[in-house]
There are 2 protein chains.
Amino acid sequence: MTQSNEDVADSRHSDLASGAAWMRGEIMPITQASIPVNDWGLIHSDITYDVVPVWEGAFFRLKHYLSRFFRSMNTLHLDPGVTESDVESVLHELVSATGLRRAYVAMVTSRGVNMVPGSRDPRDCRNHFFAWCVPYIHVIRPDLARSGASIHVARTVTRIPEASVDPRVKNYHWGDFTKGLFEAKDAGAETVMLLDSDGNVTEGPGFNVFAVKDNRLITPDAGVLEGISRQTVLEIGRELGLTTDIRSLPLEELFQSDEVLITTSGGGVAPITKVDDRVFSNGAPGEVTMSIQKRYFEWATMPEHRIEIDYDL
Amino acid sequence: MTQSNEDVADSRHSDLASGAAWMRGEIMPITQASIPVNDWGLIHSDITYDVVPVWEGAFFRLKHYLSRFFRSMNTLHLDPGVTESDVESVLHELVSATGLRRAYVAMVTSRGVNMVPGSRDPRDCRNHFFAWCVPYIHVIRPDLARSGASIHVARTVTRIPEASVDPRVKNYHWGDFTKGLFEAKDAGAETVMLLDSDGNVTEGPGFNVFAVKDNRLITPDAGVLEGISRQTVLEIGRELGLTTDIRSLPLEELFQSDEVLITTSGGGVAPITKVDDRVFSNGAPGEVTMSIQKRYFEWATMPEHRIEIDYDL
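This is a predicted model, so every value here is computed, not measured. (Residues numbered from 1 in each chain as written. Chains lettered and ligands numbered in written order. Predicted model: local features only at pLDDT ≥ 70, side-chain atom pairs only at ≥ 80, totals over all residues. Heavy atoms only, no water.)

Visitor: So what exactly am I meant to see when it comes to the overall build of chain A here?
Guide: Per the secondary structure count, chain A includes 8 helices and 17 strands. For chain A, whose C-alpha radius of gyration is 20 Å, the value lies close to the compact-globule estimate of 20 Å for 313 residues. Taken over the C-alpha atoms alone, chain A extends approximately 55 × 45 × 35 Å along its principal axes. Counting over 313 residues, chain A shows a buried share of 61%. (Helix = DSSP H or I, 4+ residues; strand = E, 2+ residues; numbered from the N terminus. Rg over C-alpha atoms; globule rule 2.2 N^0.38 Å. Buried < 20%, exposed > 50% of the residue type's maximum accessible area, 1.4 Å probe, protein only.)

Structure follows, in structure tokens:
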């Protein structure tokens, strides 16, 4: 995706507009932001993060993302010594500095470097918080988010189970997704979804999955991130008079649904017109999906869901 | 662990002796070696590594580690454009520069930064290789490697299954281990071992597990890294006239064994004298374990297993 004019407020920010980071109180181009090669965030993937979208100059549902980020840190016993209010200030300062009016904004806390040479004890590490942002990322390309995308169902890999890594704590354990992505690209599909060991639908790299059947919205209850965009679509679904079912979703049932859609903070709602060889609604985006997508972008402009960024900070 | 005099060849190397890295042809103190915050090695744990021990001025079984590292890269479709011979040269140059005669030497290949802004395709990333080393790390503290260590069996987490992430490809997906480590520390144990979903023993953070029963050495065949130290102990076991069984090892069987030991490139062979509340061989290291440990350190001095480092490079 190239940087379009409407993504940046003005040219003052050009050196940071392709990406910037906040580390230890300093703002820098993202190309200068790095973490040590022996940080446990890298060498043990002992790290959590969250990503909030900036849309037309405002954070969307920021409090939801901040709450989840702090819950994740708490679950992992990570304490970098920052409050929600501190993080919120950093994110404002960071996005303001870039001038980006549409952005993908990551907040990250890592276990850090072990301060006791040779120690294998996570409690000896110095936890640290940082943030970075880049121009808005579409998990599904914008043209496909209008016309419909294809998903491959991974056959060589199943989703890491909840009993091993908690998917509600947003994490970088993406080995299963990456293996699935290679399989999907070989199959000519845009992206991939993973099943659990019982053949139920879980999620894909960066998105939740929904089936639509007879005015019901069905999305998996287990083995998945409780996405903020997933939550938004459940709320929108109820507003539109749909029934919402949060429960296990066998792949066979997904194949028999009327429509399939995915939700992601990187693009909102995208229609899926093909899963493996099964084509949905004659290959065009489904009606229910498109009414949800339309409503999603309306929500993104409603003051109650937005926290405006002051670009003159 | 503090740096002892015998770990360093001489004082010429003092600025690098606490840790150094090789990145893009340069050698630097490890505190200056870092990777970008948006490298897929970090943000998707899309990375592989290996760790070869340096003992008394020589690499131990280096070719085994190099072969595994290149198999891992191949499985993950990682190609940083280096040969085994290139990596071997880098490791020699790196350790020589530090002067360390006992060291923990990591070779790493990361997927890298995605070169296409907004792309979610791993094939758009620029893969890169780097290496770092620090003074020798004992996965089990040296005093406990003589007197015996305690292991807690994790109850709140099971090992990430092979169907999700291949444990034979050395990886940084340690969320399950880290959760288990917190549980172990709460239980007052030195470290942790994880079971699979059927209650079979798998491995711990950085080591393989063996049971000894009636002159048989039993170690799990699935859900584990095929450790080089594990392989060495299997070879030593046969040399000592023991039978070796590589098969599933239920926890109940482990509890009924005569001795338990672990193997790791960070320390070789360590006796486990306690697993949960079960005490083995009256709390003292077992005889079979100690004869294997003794033989392991003999192997580490045998020319056929060593590649000497030239510290005058």
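After presenting the structure, the write-up continues.
Visitor: Looking at this structure, I do not really get the relation of the copies chain A and chain B. What am I missing?
Guide: For the pair of chain copies, the relating operation is a rotation around an axis with a shift along it. If you rotate chain A by 180° and push it 0.0 Å along the axis, it lands on chain B with an RMSD of 0.0 Å. Here the symmetry operator amounts to a two-fold rotation axis. Here 100% of the contact residues of chain A are again contact residues in chain B; the copies associate through an equivalent surface. (Least-squares fit on C-alpha atoms with pLDDT ≥ 70 in both. Contact = heavy atoms within 4.5 Å.)

Visitor: Quick question: what am I supposed to make of the pairing of strand β8 (residues 149-153) of chain B here?
Guide: Successive side chains on a regular strand alternate, one facing one side of the sheet and the next facing the other. Residue and element names in this part refer to chain B. The buried fraction of β8 amounts to 4 of the 5 residues, a majority that puts the element mostly inside the structure. Inspection of the sheet shows β8 paired to strand β15 (residues 268-275) by 3 bridges, in the parallel sense. Looking at β15, one finds that Ala149 is bridged to Ile272. Here β8 runs beside strand β9 (residues 191-193); their pairing, made up of 3 bridges, is parallel. In the sheet register, Ile151 faces β9, and the bridge partner there is Thr191. Note that the unit made of β8, helix α5 (residues 175-186) and β9 has a crossover that is right-handed. (Pairing = 2+ DSSP bridges. Right-handed = clockwise from strand over helix to strand, strands pointing away.)

Visitor: What should I look at first to understand the interface of chain A and chain B in this one?
Guide: Many descriptions give the size of an interface as the accessible area lost when the pieces come together. With 51 residues of chain A at the contact, the number on the chain B side is 51 residues. Area buried by chain A at its contact with chain B is led by Val37, Arg120 and Phe182 of chain A, which between them contribute 18% of it. One salt bridge connects Asp121 of chain A with Lys185 of chain B, and the closest N-O pair in it is separated by 3.9 Å. Remark: the boundary between chain A and chain B carries 19 residue pairs in polar contact (both at pLDDT 80 or more). Mapped onto the side of chain A that touches chain B, the elements with two or more residues apiece are β3 (34-36), α1 (40-43), β7 (128-135) and α5 (175-186) of chain A. Here the side of chain A that touches chain B takes 6 residues from α5 of chain A, the largest share from any one element. Considering only residue class, the side of chain A that touches chain B consists of 28 nonpolar, 15 polar and 8 charged. As paired elements, β3 of chain A and strand β3 (residues 34-36) of chain B share 3 bridges and run antiparallel to each other. Paired with Ser34 of chain A across the two strands is Pro36 of chain B, which belongs to β3 of chain B. (Buried area = accessible area lost by both parts, 1.4 Å probe. Salt bridge = Lys/Arg side-chain N within 4 Å of Asp/Glu carboxyl O. Polar contact = N/O pair within 3.5 Å; in protein donor to acceptor, adjacent residues only side chain to side chain. Nonpolar A, V, L, I, M, F, W, Y, C, P; charged D, E, K, R; others polar.)

Visitor: I keep staring at the sheet that holds strand β5 (residues 58-60) of chain A and nothing clicks. Help me out?
Guide: By definition, the strands of a sheet pair up through backbone hydrogen bonds, in either a parallel or an antiparallel sense. All names here are of chain A. Reading across the sheet, the 7 strands line up as β2-β1-β7-β6-β4-β5-β17 and stay open at both edges, with antiparallel pairing between neighbours. Only two strands of the sheet have a single partner each, and these edge strands are β2 (26-29) and β17 (306-308). Looking at each pair of strands side by side, their axes are set apart by 25° on average, direction ignored. As judged from the 8 bridges shared by strand β4 (residues 47-55) and strand β6 (residues 103-110), these two strands associate in the antiparallel manner. Across the sheet, the residue bridging to Tyr49 is Val108, located in β6. Those strands touched by helix α3 (residues 84-98) are β1 (20-23), β2, β4, β5, β6, β7 and β17, and its axis lies near 35° from that of β7. (Axes fitted to C-alpha atoms, helices over the stretch in contact; angles between N-to-C directions.)

Visitor: Hey, could you run me through the state of the cysteines in this one?
Guide: Where two cysteines share a covalent bond between their sulfur atoms, that bond is called a disulfide. Counted by the stated rule, this structure contains 0 disulfides over all chains. Take Cys125 of chain A: it sits in no disulfide, and the sulfur closest to it among the cysteines is that of Cys133 of chain B, at 19 Å. For Cys125 of chain A, a relative accessible area of 11% puts it in the buried group. (Disulfide = S-S within 2.5 Å.)

Visitor: Is there a simple way to think about the packing of aromatic side chains in this case?
Guide: Geometry of an aromatic ring pair is reported as the spacing of the ring centres plus the angle between the planes. Under the definition given, this model contains 20 aromatic pairs over all chains. The interplanar angle of 85° and the centroid separation of 5.8 Å between the aromatic rings of Phe69 of chain B and Phe70 of chain B together place this pair among those described as edge-to-face. You'll find Phe69 of chain B and Phe70 of chain B in the same group, each marked buried. A cation sits over an aromatic face here: Arg278 of chain A above Phe280 of chain A, 4.1 Å from the ring centre. (Phe/Tyr/Trp six-rings, centres within 6.5 Å; stacked < 30°, edge-to-face > 60°. Lys NZ or Arg CZ within 6 Å of the ring centre and 35° of its normal.)

Visitor: Just to check I follow, could you spell out helix α3 (residues 84-98) of chain B for this structure?
Guide: Residues spaced three or four apart along an α-helix face the same direction, because each turn holds 3.6 residues. Residue and element names in this part refer to chain B. Between its first and last C-alpha atoms α3 spans 21 Å; for 15 residues at 1.5 Å apiece the expected length is 21 Å, and the two agree. The set of residues buried in α3 consists of Val87, Glu88, Val90, Leu91, His92, Leu94, Val95, Ser96 and Thr98. Trailing α3 by a residue or two, Gly99 shows a phi angle of about 75°, which is positive. (Expected span 1.5 Å × (residues − 1).)

Visitor: Would you take a moment to explain unusual backbone geometry for this structure?
Guide: Excluding glycine, most residues fall at negative phi; most peptide bonds, likewise, are trans. Non-glycine residue His77 of chain A carries a positive phi angle of around 60°. Among the secondary structure elements, His77 of chain A is positioned in the loop between α2 (62-75) and α3.

Visitor: Would you explain the packing of helix α6 (residues 228-239) of chain A against helix α8 (residues 287-299) of chain A in this entry?
Guide: Pairs of packed helices are described in terms of their axes, by the angle between the two and the distance that separates them. All names here are of chain A. Two numbers describe how α6 lies on α8: the axes approach to 10 Å, and their chain directions differ by 110°. Of the possible angle classes, the one that applies to α6 and α8 is roughly perpendicular. For the pair α6 and α8, the crossing hand works out as right-handed. Side by side, α6 and α8 meet where Ser229, Thr232, Val233, Glu235, Ile236 and Glu239 of the first sit next to Ile292, Arg295, Tyr296 and Trp299 of the second. (Parallel < 35°, antiparallel > 145°, perpendicular 65-115°, else oblique. Left-handed = near helix turned anticlockwise from the far one by under 90°.)

Visitor: Looking at this structure, how should I read the confidence of the model for chain A?
Guide: Atomic detail in the predicted coordinates should be set aside for any region of low pLDDT. Residue and element names in this part refer to chain A. Mean pLDDT over chain A: 95, with 96% of residues reaching 70 or higher. Scored below 50 in pLDDT, residues 1-5 makes 7 contacts in the model with residues more than four places away or belonging to other chains. Confidence estimates for the predicted assembly give a pTM of 0.95 and an ipTM of 0.95. (pLDDT = per-residue confidence, 0-100.)

Visitor: Just checking my understanding: could you explain the domain arrangement of chain A for this structure?
Guide: Residues and elements named next belong to chain A. Domain boundaries assigned for chain A yield domain 1 (5-136) and domain 2 (142-299). Both faces considered, domain 1 and domain 2 share a buried interface measuring about 1,700 Å² in area, 60% of it formed by carbon and sulfur atoms. With its nearest N and O atoms 3.1 Å apart, the salt bridge here joins Arg61 to Glu235. Only β4 and α2 provide two or more residues apiece to the side of domain 1 that touches domain 2. Here the side of domain 1 that touches domain 2 gets 7 residues from one element, more than from any other, and that element is β4. (Domains from an automatic or database assignment.)

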